[in-house]
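What follows is each chain in one-letter form.
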Amino acid sequence: MSQASSDLQLYETQRPRLLRLAYRMLGSLVEAEDVVQEAWLRWQGRSQAEIREPAAFLTRVVSRLCLDVMKSGRWRKETYVGMWLPEPLVEPVLPDEESRLDNLNLTLMLALERLSPLERAAFLLHDVFGLPAGEVATTLERDPAAVRQLASRARRHLRSETPRYQIEKGEGQRISKAFHEASTSGNIAMLATLLAENVVLKSDGGGKVLAFPNAIVGRDRALRLFEGLSRKFAAARTELLSFGWIDGLPGYVSRDAAGNLQTTALAIENELIVAVFITRNPDKLQALGGMPDRKPA
């Protein structure tokens, strides 16, 4: 095997992990792909004899590139129209065991947004991806004590958002189906049995399609909202395309009467929906553009 082929094989072995890291740091699949591609270019540009630990080198490059993007990304999010949600990662079934190791769902990803870039990087690298403090310190160009302090602060901020349990596939799909049916048919009585009293609804349209400008908090407000939507769009019911898992939460992909795609993810506790996350910004749904025109079985 040539050196070039060997380098490519080693990089491809690392690529899924690097993509997961970049996506968790940035909340954007597009930006994560760009960062990992840039890491590959930098990997190619170095003499392989100089790199004693390729995995550590690539992790450092990806992490530092992500920090650069996050610094500019904070400006973009401050000027974002409406509520910001991560670009949805949609999987047709429960993620496999390897990709579930990080145990990060959409709720926790949103909580990560409240951390500083360095806190977020230290937490992900040390607590989630299991890098030793010394290696994280080298990556972030900080001493190990500072890294441990950054990760500790992040843990305190995230403690209340840590997933309490992993919902079973059958339960998640059952509640997703019931929620879709009730919310689109105007069955408010059924919907009331599915929502927790303190449920929160968040919707991301990016200023490009219709979405809630602010979070809807509380079951009564949510029920009034869905009742109004049902009356207004009674003749234009959304088309259900598929059920799946969206950033670790059960949900579904659908298309409205105007042809706009959206994902709906549900945070569920004790068989009640505690949060609904709806992503409608078309820029974040480009990867779903090839969804088939069929309803799930």
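Residues numbered from 1 in each chain as written. Predicted model: local features only at pLDDT ≥ 70, side-chain atom pairs only at ≥ 80, totals over all residues. Heavy atoms only, no water.

Caption draft 1: Just the overall build of the chain, in detail. The helix and strand tally for the chain stands at 10 helices and seven strands. Within the chain, the fraction of its 297 residues that count as buried is 47%. The contacts of the chain with a sequence gap of at least 6 include a subset with a gap of at least 24, amounting to 66%. Carbon together with sulfur atoms contributes 51% to the accessible area of the chain, which is approximately 14800 Å² in total. (Helix = DSSP H or I, 4+ residues; strand = E, 2+ residues; numbered from the N terminus. Buried < 20%, exposed > 50% of the residue type's maximum accessible area, 1.4 Å probe, protein only. Contact = heavy atoms within 4.5 Å. Areas by Shrake-Rupley, 256 points an atom, 1.4 Å probe, with all protein chains shown as cover.)

Caption draft 2: Representation of the pairing of strand β2 (residues 195-204) within the structure. Bridge count for β2 against strand β7 (residues 272-279) is six bridges, and the pairing is parallel. Bridge pairing links D204 to T279 in β7. (Pairing = 2+ DSSP bridges.)

Caption draft 3: Up close: the sheet that holds strand β1 (residues 90-91). Reading across the sheet, the seven strands line up as β1-β4-β5-β6-β7-β2-β3 and stay open at both edges, with mixed pairing between neighbours. Two strands lie at the open edges of the sheet, namely β1 and β3 (216-217), each paired on one side alone. Two elements, strand β5 (residues 249-255) and strand β6 (residues 261-269), share five bridges in a ladder whose sense is antiparallel. Residue Y252 lies in a different strand from β6, and its bridge partner there is T264. Strands in contact with helix α8 (residues 169-185) are β2, β4 (239-246), β5, β6 and β7; relative to β5, the strand with the most contacts, it is inclined by about 40°. Running over the sheet, helix α10 (residues 219-232) touches β2 and β3 and is turned about 55° from β2. (Axes fitted to C-alpha atoms, helices over the stretch in contact; angles between N-to-C directions.)

Caption draft 4: Quick look at the environment of A145. Considering the arrangement of structural elements, one finds A145 in helix α7 (residues 144-158). Residue A145 is classed as partly exposed on the basis of its relative accessible area, which comes to 47%. For the pair A145 and A133, spaced 12 residues apart in the sequence, the C-alpha separation amounts to 8.3 Å.

Caption draft 5: Seen up close, the nonpolar core. If you look at the biggest cluster of nonpolar residues, it comprises 43 residues, and the most contacted ones within it are M25, V62 and L124. Among the secondary structure elements, those contributing two or more residues to this core are α1 (3-26), α2 (29-44), α3 (54-78), α4 (106-112), α5 (117-128), α6 (133-140) and α7. M25 has contacts with S63, C66, L67, M70, R120, A121 and L124, leaving out every residue within four places of it along the chain. Listed in part, the 26 residues of the second largest apolar core include M83, I216, L240 and Y252. (Core = buried A, V, L, I, M, F, W, Y, C linked by side-chain atoms within 4.5 Å.)

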